[in-house]
Amino acid sequence: MPFQKDFMWGGAVAANQCEGAWDVDGRGPAQTDMMTGGTAKQHRMLTYRMPDGTTGAVPKFQSIPEGARLAVLDGYHYPNHLGVDFFHRYQEDIALFAQMGFKIFRMSISWSRIFPKGIETEPNRKGLDFYRRVFEECRKYGIEPLVTMHHFDTPLYLEEELGGWKNREIIAHFDRYVKTILEEYKGLVKYWLTFNEINNTLMFLDLFGNTATQEQYQGAYQHLHHEFVASAHAVKMAHEIDPNYVVGCMICGLANYPMTCDPDDILASRYQWEKGVLYCGDVQCKGKYPTYAKRLWDAHGVKLDITEQDLQDLREGCVDMYTFSYYMSALVTTHDVEKNAGGNFSVGAKNEYLQYSEWGWAFDPKGLRYYLEMMYDRYEKPMMVVENGLGSVDTLEDDHTVHDSYRIDYLRAHIKEMEIAIEHGVDLIAYTTWGCIDLVSAGTGEMRKRYGFIYVDLDDEGKGTLDRYPKDSFYWYKKVIASNGADLD
């Protein structure tokens, strides 16, 4: 049996996609609260108000007009406001996770629930108490919390008034937040992740073609540098506050393949790995910028504000483990492409050897094995797969069952590849499937794109009872966990 006896099986969610209660008990707003719903074909929109009172909306990857402020407007649906109401239903949900046999539950803390604007000197006690109750509920069932400190939800005040992570000042505010939660939950939480899918800052620049400006690249690399320093501070603080704390990075794990054996495609694939994936992993795992960083910066005229203290902080704040999400692979080519992958967060050439989901994501379990073996060889740190799953339209039958054999097939295939990677020497210690309960899709804002083992009665317009119903995959995953991965039928 390849999985070690204490292997941690579980699932993952994010505060901004499941909690709801966006303005309850003193929580402050984040940018995700100003984002409408969308679809695979229609971007989510950011809504804003100008100083003269006029309003508008832009796709979430675009900047709002100068002088505008993000705002919640009448006539729009903001799915993150409700999420799936985990804030009020966490006891019911954690009990269901326990029924499946979860050993670990990955979740995130909403920074603005602890510091509503991000600048306060004293935390919001009601926010701290909420997460304490959640962690205690997990502990009641023997479930280990795996907690992400920052999952795409910087307090809106810091974004609008300080310019977000492009401004060095934000590091001190993040330090205060991190110190607070590390001290508050000592003894309740052991495993922490700093920034969710930190490399998305660079990935998104290339998402829709090479259209990003030199100014945008400058901002993205500076943004990342400040997050690297903040992550290093968090690791160092964690080890000082509790030597038992284990802190990891969290990378969006996209496996890149060259489309042809043309040397130009081989080089293009390598460079895409370096820019999109390895750059962030190298800094957080090795504590220094890689040799190819200068080439990446020079390509866009980037001149970073880096101090000697920053470099020392990076050296002293290497993460203890490497964690990542994995959903799909991508082809890289320098040639003209006849068939494009398209879809939500999926671009580039279509791989004729793979199948694709309704949202344009490639089904590639072997890519997970490839990624695991490559990254473990590179860093030699314990690894966790902290997101992996299939977004699909599910049908709730009249008897409240959901027959999602396609999800079981997807997960089974990926678990089998994890087994092979472990047999090949990878130190894999945990697996948390994404969206263990249905939640709001980060990319599209939809509910119809479901990932969970548990069906939530809620539609794309926010209508429904919010009742929870186990799917067929719920009982299958329960069997997988009980057998420690031996029974995948």
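Details of the structure are given in the entry above.
Small disclaimer: the values here were computed from a predicted structure and weren't measured.

Draft legend 1. Main features of the pairing of strand β1 (residues 8–12). Burial runs high along β1: 5 of the 5 residues are buried. Of the two faces of β1, the one holding Met8, Gly10 and Ala12 and the one holding Trp9 and Gly11 are both buried throughout. In terms of strand pairing, β1 meets strand β13 (residues 428–434) through 5 bridges, oriented parallel. By the bridge assignment for β13, Met8 is matched with Ala430. Relative to strand β5 (residues 104–108), β1 runs parallel, the two being bridged by 3 bridges. Counterpart to Gly10 in the pairing with β5 is Ile104.

Draft legend 2. Quick look at helix α8 (residues 214–241). A rise of 1.5 Å per residue sets the reference length of α8, with its 28 residues, at 40 Å; its end C-alpha atoms lie 40 Å apart and thus fit the reference within 8%. With respect to burial, α8 is a largely interior element, 20 of its 28 residues being buried.

Draft legend 3. Spatial organisation of the sheet that holds strand β6 (residues 144–150). Reading around the barrel, the 8 strands line up as β1-β5-β6-β7-β8-β9-β12-β13 and close back on themselves, with parallel pairing between neighbours. Across this sheet, the average inter-strand angle for adjacent strands is 30°, counted without regard to direction.

Draft legend 4. Structural view of the side chain of Asp313. Checked against the element boundaries, Asp313 lands in helix α11 (residues 308–316). With no salt bridge to any partner, buried Asp313 finds its closest opposite charge in Lys236, at an N-O distance of 5.3 Å. Not counting residues up to four positions away in its chain, the partners in contact with Asp313 are Val229, Ala232 and His233.

Draft legend 5. Looking closely at the pairing of strand β7 (residues 191–195). With 5 of 5 residues buried, β7 lies mostly within the body of the structure. Two strands pair when backbone bridges link them, and β7 and strand β8 (residues 246–258) are joined in this way by 3 bridges, in the parallel orientation. In the strand pairing of β8, Tyr191 is matched with Val246.

Draft legend 6. Highlighting the sheet that holds strand β4 (residues 69–70). The 3 strands lie next to each other as β3-β2-β4, forming an open sheet whose pairing is antiparallel. Two strands bound the open sheet, and with one partner strand each, they are β3 (55–59) and β4. The pairing of strand β2 (residues 45–49) with β3 spans 5 bridges and is antiparallel. Residue pairing for β3: Arg49 is matched across the bridge by Thr55.

Rules behind the numbers
- Residues numbered from 1 in each chain as written.
- Predicted model: local features only at pLDDT ≥ 70, side-chain atom pairs only at ≥ 80, totals over all residues.
- Heavy atoms only, no water.
- Buried < 20%, exposed > 50% of the residue type's maximum accessible area, 1.4 Å probe, protein only.
- Helix = DSSP H or I, 4+ residues; strand = E, 2+ residues; numbered from the N terminus.
- Pairing = 2+ DSSP bridges.
- Expected span 1.5 Å × (residues − 1).
- Axes fitted to C-alpha atoms, helices over the stretch in contact; angles between N-to-C directions.
- Lys, Arg positive; Asp, Glu negative; His and termini not counted.
- Salt bridge = Lys/Arg side-chain N within 4 Å of Asp/Glu carboxyl O.
- Contact = heavy atoms within 4.5 Å.

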